[in-house]
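Observations on chain architecture
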Amino acid sequence: MEYSKEDLMEAKKQIWGVGENMGTEESKKIWEENAQFWDNAMGDESNEFHREVVRPKVTELLSPNPADYILDIACGNGNYSSYLAQRGASVVAFDYSKKMIELAKRRQSQYAKQIEFCVADATDRKSILELKRNRAFTKAVSNMAIMDITDIEPLLMAVYELLQESGIFVFATQHPCFVTLTEKYMTPHSYYDIAIEGQPKEQIYYHRSIQDIFNLCFRAGFVIDGFYEECFKTNKEIPMVMIVRLKKVKRDNLK
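Residues numbered from 1 in each chain as written. Predicted model: local features only at pLDDT ≥ 70, side-chain atom pairs only at ≥ 80, totals over all residues. Heavy atoms only, no water.

Quick look at the overall build of the protein chain
Helix and strand content of the protein chain: 8 helices and 9 strands. For the protein chain, the spread of C-alpha atoms along the three principal axes comes to 60 × 45 × 35 Å. Relative to its 255 residues, the protein chain shows a buried fraction of 53%. Restricting the contact set of the protein chain to residue pairs at least 6 apart, pairs at least 24 apart contribute 71%. On the protein chain, roughly 12700 Å² of surface is accessible, and the fraction owed to carbon and sulfur atoms is 49%. Side-chain charges of the protein chain comprise 33 positive and 38 negative groups, with the mean position of each set lying 7 Å from the other. (Helix = DSSP H or I, 4+ residues; strand = E, 2+ residues; numbered from the N terminus. Buried < 20%, exposed > 50% of the residue type's maximum accessible area, 1.4 Å probe, protein only. Contact = heavy atoms within 4.5 Å. Areas by Shrake-Rupley, 256 points an atom, 1.4 Å probe, with all protein chains shown as cover. Lys, Arg positive; Asp, Glu negative; His and termini not counted. Charge placed at Lys NZ, Arg CZ, Asp CG, Glu CD.)

Set out below in structure tokens:
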């Protein structure tokens, strides 16, 4: 049995993250309502999950140093940006929630000379490219946000353009094989759930298979040269997070 043209078009729409139940504006509204709760819950140090599961391997793969100029994607209240600033890096950090950026500026005010906080939309390539400054970014990072972003192709394409040659992009996201509330794996889809108990509104999660995520990375011009799967607390066999390091290569070198 061959797939119809309509089936193939629908599959492409789903792969690129534009399914009919996926909405950036709806997600943004939810995060605006959750922003103050999130900032309070994360505080200055972030929660145990971020400190113990996400941050160590992200930092290992990112290997930040004082010479770095780093783009922090979907930065939340800026805690990882300040973590980078403490290590001497200069940072441009953005989120699509204006409220979250206001809170980040307030919480991280002591690092104002090292961190530039901006409002930008990770699903809009043009919006991201407006973050270009007078030097290329050496590195980019995103902590636990890929699964919150409606369409990640514009982000990957824009980050590729903003990075210097051989620059790297490290992202951590929930493990699509093991962290989902549905029985679907191969089919991209979205669903509502919470990240922290007690948050005002359920957020929208956007599920993509590993092959879909990786193929979008390859399509943008990246290769993968670092990868971890991380577990939480006593469960040492089922990873909750996957952490990926992408490296920018010339697109002409891709086969």
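Some thoughts on the UniProt feature "domain: Methyltransferase" (unreviewed entry) in the protein chain
UniProt's entry tags residues 68–175 with the feature "domain: Methyltransferase" (unreviewed entry), counted in the numbering of this structure. In residues 68–175, helix accounts for 31% and strand for 32%; the two terminal C-alpha atoms are 28 Å from one another. (UniProt positions renumbered as here; feature names shortened; annotations may be inferred.)

Description of unusual backbone geometry
The general pattern is negative phi for most residues beyond glycine and trans for most peptide bonds. Although it is not a glycine, Met144 sits at a positive phi angle of roughly 55°. Relative to the helices and strands, Met144 resides in the loop between β4 (137–143) and α7 (153–162). Relative accessible area serves as the criterion here: at 12%, Met144 is assigned to the buried category. With phi around 65°, Ser166 is a residue other than glycine that occupies positive phi space. The topology assignment puts Ser166 in strand β5 (residues 163–174). Overall, Ser166 belongs to the partly exposed group, its relative accessible area being 43%.

What about the packing of aromatic side chains?
Scanning the model with the defined rule gives 10 aromatic pairs in all. Consider the rings of Tyr80 and Tyr83, whose centres lie 5.4 Å apart with planes at 25°: the pair is stacked. Here Tyr80 and its partner Tyr83 are both found in helix α4 (residues 79–86), 3 residues apart, which amounts to about one turn of the helix. Exposure class is identical for Tyr80 and Tyr83. Each is buried. Through pairs of rings, three or more aromatic residues link up here, namely Tyr160, Phe169, Phe171 and Phe222. We note Lys57 situated over the ring of Tyr228; from NZ or CZ to the ring centre the distance is 4.3 Å. Arg87 extends its terminal NZ or CZ atom over the ring of Tyr83, reaching a point 3.5 Å from the ring centre. (Phe/Tyr/Trp six-rings, centres within 6.5 Å; stacked < 30°, edge-to-face > 60°. Lys NZ or Arg CZ within 6 Å of the ring centre and 35° of its normal.)

A word on α7
The buried fraction of α7 is high, at 9 of 10 residues. Among the residues of α7, Glu153, Pro154, Leu155, Leu156, Met157, Ala158, Val159, Tyr160 and Leu162 are the ones counted as buried.

Remarks on the nonpolar core
Counting residues in each nonpolar core, the largest one holds 35 residues, and the members touching the most others are Leu71, Phe94, Leu155, Leu156, Val159, Phe169 and Phe222. The dominant element in this core, judged by the number of residues it contributes, is α7, at 7 residues. Not counting residues up to four positions away in its chain, the partners in contact with Leu71 are Val92, Phe94, Leu131, Phe137, Lys139, Ala140, Val141, Val159 and Leu162. Membership of the second largest hydrophobic core comes to 30 residues, among which are Val53, Ile70, Ile115 and Val170. (Core = buried A, V, L, I, M, F, W, Y, C linked by side-chain atoms within 4.5 Å.)

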